[in-house]
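# Descriptive structure summary
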Amino acid sequence: SVVPAIPAWVWIIVFVVLAAAINLKGIGLTAGMNKVFLTAQMVVLGVFVVGALLAVAQGRAHFSMAPIYDADGFSWAIVFGAIPLAALSFIGFDAISTLNEEARGGGEAVSKATMIVLVIVTILFVAQVYLAAILVPTGTVFADGDAVNNAFYDISVLAVAPWFKLVITLTSALIAIFANSIASQATSSKLVFSMARDRQLPHALAYVEPKRQVPQNAMLFIAGLSLVIGIL
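Attention in this report is confined to the structure presented alongside it. (Residues numbered from 1 in each chain as written. Predicted model: local features only at pLDDT ≥ 70, side-chain atom pairs only at ≥ 80, totals over all residues. Heavy atoms only, no water.)

## Notes on a nonpolar patch on the surface
There is a patch of nonpolar side chains on the surface, built from Met-65, Ile-68, Tyr-69, Phe-74, Trp-76, Phe-80 and Ile-83 and spanning about 820 Å² of accessible area. As for its position among the elements, Phe-74 is in the loop between helix H2 (27-57) and helix H3 (76-89). Of the residues examined, Phe-74 reaches a relative accessible area of 35% and is grouped as partly exposed. (Patch = residues over 30% accessible without salt bridge, like charges linked within 9 Å, V, L, I, M, F, W, Y side chains within 5 Å. Areas by Shrake-Rupley, 256 points an atom, 1.4 Å probe, with all protein chains shown as cover. Salt bridge = Lys/Arg side-chain N within 4 Å of Asp/Glu carboxyl O. Helix = DSSP H or I, 4+ residues; strand = E, 2+ residues; numbered from the N terminus. Buried < 20%, exposed > 50% of the residue type's maximum accessible area, 1.4 Å probe, protein only.)

## What to know about the pattern of salt bridges
By the definition in use, this model includes two salt bridges. Of the charged contacts in the structure, one is a salt bridge between Glu-108 and Lys-112, with a shortest N-O distance of 3.6 Å. With Glu-108 and Lys-112 both in helix H4 (residues 106-134), this residue pair falls four residues apart, about one helical turn. Notably, a salt bridge pairs Asp-154 with Lys-165, separated by 2.6 Å at the nearest N-O pair. Here Lys-165 lies in helix H7 (residues 162-197) and Asp-154 lies in helix H6 (residues 151-159), a separation of eleven residues in the sequence. Since its relative accessible area comes to 33%, Asp-154 is described here as partly exposed.

## Quick notes on the packing of helix H1 (residues 8-24) against helix H8 (residues 216-231)
Relative to each other, H1 and H8 sit at 170 degrees, their axes nearing to 10 Å. Between H1 and H8, the interaxial angle falls into the category roughly antiparallel. Of the residues in H8, those in contact with Trp-9, Ile-12, Ile-13, Val-16, Ala-20, Asn-23 and Leu-24 of H1 are Gln-216, Met-219, Leu-220, Ala-223, Ser-226, Leu-227, Gly-230 and Ile-231. The residue inventory of the contact of H1 with H8, partitioned by class, reads eleven nonpolar, four polar and no charged. (Axes fitted to C-alpha atoms, helices over the stretch in contact; angles between N-to-C directions. Parallel < 35°, antiparallel > 145°, perpendicular 65-115°, else oblique. Contact = heavy atoms within 4.5 Å. Nonpolar A, V, L, I, M, F, W, Y, C, P; charged D, E, K, R; others polar.)

## Topic: the layout of surface pockets
Estimated volume of the largest pocket: approximately 2,300 Å³. In this structure, the largest pocket is lined by 49 residues; those nearest its centre are Asn-34, Leu-38, Val-117, Asn-180 and Ala-183. When residues of the lining of the largest pocket are traced back to their parent elements, those giving at least two are H2, H4, H6 and H7. Ranked by residue count, the leading element in the lining of the largest pocket is H2, at 13 residues. For the lining of the largest pocket, the residue count by class is 34 nonpolar, twelve polar and three charged. As a volume, the second largest pocket reaches approximately 1,800 Å³. Forming the boundary of the second largest pocket are 41 residues, of which Pro-67, Ile-68, Val-129, Tyr-130 and Ala-133 lie nearest the centre. Counting only elements with at least two residues in the lining of the second largest pocket, the list comes to H3, H4, helix H5 (146-149) and H6. For the lining of the second largest pocket, the leading source of residues is H4, giving eight residues. Split into classes, the residues belonging to the lining of the second largest pocket amount to 29 nonpolar, ten polar and two charged. (1 Å grid on protein atoms, 1.4 Å probe; cavity = no way out; pocket = protein on both sides within 12 Å on 5 of 7 lines; lining within 4 Å. Points joined across faces, edges and corners; volume = space filled by probe spheres on them.)

## Looking at H4
For H4, spanning 29 residues, the distance from its first C-alpha to its last is 42 Å, which sits close to the expected 42 Å at 1.5 Å a residue. Those residues of H4 lying buried are Gly-106, Val-110, Thr-114, Gln-128, Tyr-130, Leu-131, Ala-132 and Ile-134. In this structure, the buried side of H4 is in contact with H2 and H6. (Expected span 1.5 Å × (residues − 1).)

Functional significance is not addressed by these values, which are geometric in nature.
If you want it as structure tokens, here you go:
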């Protein structure tokens, strides 16, 4: 949307190929790149949090329980309807377990990391959504379509400034999604590699590149599959 002259399929090729190239260089580079991307996202989130807190201090927003519980609009049907959506949205942190062999400390470190990530992500999600909610009047309804999809981006303008909407959009598009692409390719290829090693998939996918110690064929397979599905 920011650069409409470039077709969507070109972005798909760039993202998938770059993610595959990083993963093929080894787990060290993969982990390092993810740290860089995480830091960038945390800085942007930090700016939003500070902006929201300043809005409260200036009287443009007020702390309230309404975003969490509003007696006039509360419905158990809505709560139970949201639970499956929330549960499915949070699937993915368990992908850490696929890197069990690469982790320092093995299974014990991975199990701790999984629980730590779950707790931290939950806190971050609740905090940012709550702060966004107090910036708009209680009962505000966004129209279906773009208004709903872009709600958080539009609210970020109220917290910081008009320019921040572009920053947060580019952060989502160029950093968050790219980081997810790297992580998903790494974990998906490891799953394919493990299944091939157990003779549940063609054994050629269990090949490990000796120098960088990465499941090269599985990574190329996942990258190729991602390209085909994404472009089609």
